[in-house]
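What follows is the residue order along each chain.
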Amino acid sequence: MAVPKRKTSRSNTRHRRAQWKASRPQLVPLTLNGRTYQVPPHLVPAYRRGLLSVEDLPGQNS
């Protein structure tokens, strides 16, 4: 098991953790049945094949 050589100060630890930021998911346009939806790119094939339905999209009022 790895053991740190030195203790990291509380200030350094918190400063490092403060740099992490969440990013918004990238969305791409997808046209199904004449309507355009914004979906994550890795889900586009599933929507095109019909494995996921458009009614399941969050934030969509159909």
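These numbers were taken from a predicted model, which means no experiment stands behind them.

> Pulling in residues and values, what's your account of the overall build of the protein?
When its secondary structure is counted, the protein shows 2 helices and 2 strands. Over its C-alpha trace the protein gives a radius of gyration of 21 Å, far above what one expects of a compact globule, namely 11 Å for 62 residues. Along the first, second and third principal axes, the C-alpha set of the protein runs to 60 × 25 × 15 Å. Taking all 62 residues of the protein together, 16% fall into the buried category. Considering only residue pairs separated by 6 or more positions, the protein has 3% of its internal contacts joining residues 24 or more positions apart.

> So what's going on with the pairing of strand β1 (residues 28-32)? Residues and values would help.
Looking at chain direction, β1 and strand β2 (residues 35-39) are connected through 5 bridges and run antiparallel. Considered in β2, the bridge of V28 is made with V39. Linkage of β1 to β2, two consecutive antiparallel strands, is achieved through a turn of 2 residues, within which N33 is found at a positive phi near 55°.

> Pulling in residues and values, what's your account of the nonpolar core?
In terms of nonpolar packing, the biggest core is built from 8 residues, these being L30, L32, Y37, V39, V44, Y47, V54 and L57. For this core, the elements supplying multiple residues, two or more each, are β1, β2 and α2 (44-49). Contact partners of L57, with chain neighbours within four places excluded, come to Y37, V39 and Y47.

> Would you mind going over the environment of L30 in detail, with residue names and values included?
With respect to the secondary-structure elements, L30 resides in strand β1. A relative accessible area of 2% means that L30 is categorised as buried. Here the alpha-carbon distance between L30 and W20, two residues 10 residues apart in the chain, equals 31 Å. Those residues within four positions of L30 in sequence are excluded, and the remaining contacts are R35, T36, Y37, V39, V44, Y47 and R48.

Definitions and cut-offs
Residues numbered from 1 in each chain as written. Predicted model: local features only at pLDDT ≥ 70, side-chain atom pairs only at ≥ 80, totals over all residues. Heavy atoms only, no water. Helix = DSSP H or I, 4+ residues; strand = E, 2+ residues; numbered from the N terminus. Rg over C-alpha atoms; globule rule 2.2 N^0.38 Å. Buried < 20%, exposed > 50% of the residue type's maximum accessible area, 1.4 Å probe, protein only. Contact = heavy atoms within 4.5 Å. Pairing = 2+ DSSP bridges. Core = buried A, V, L, I, M, F, W, Y, C linked by side-chain atoms within 4.5 Å.

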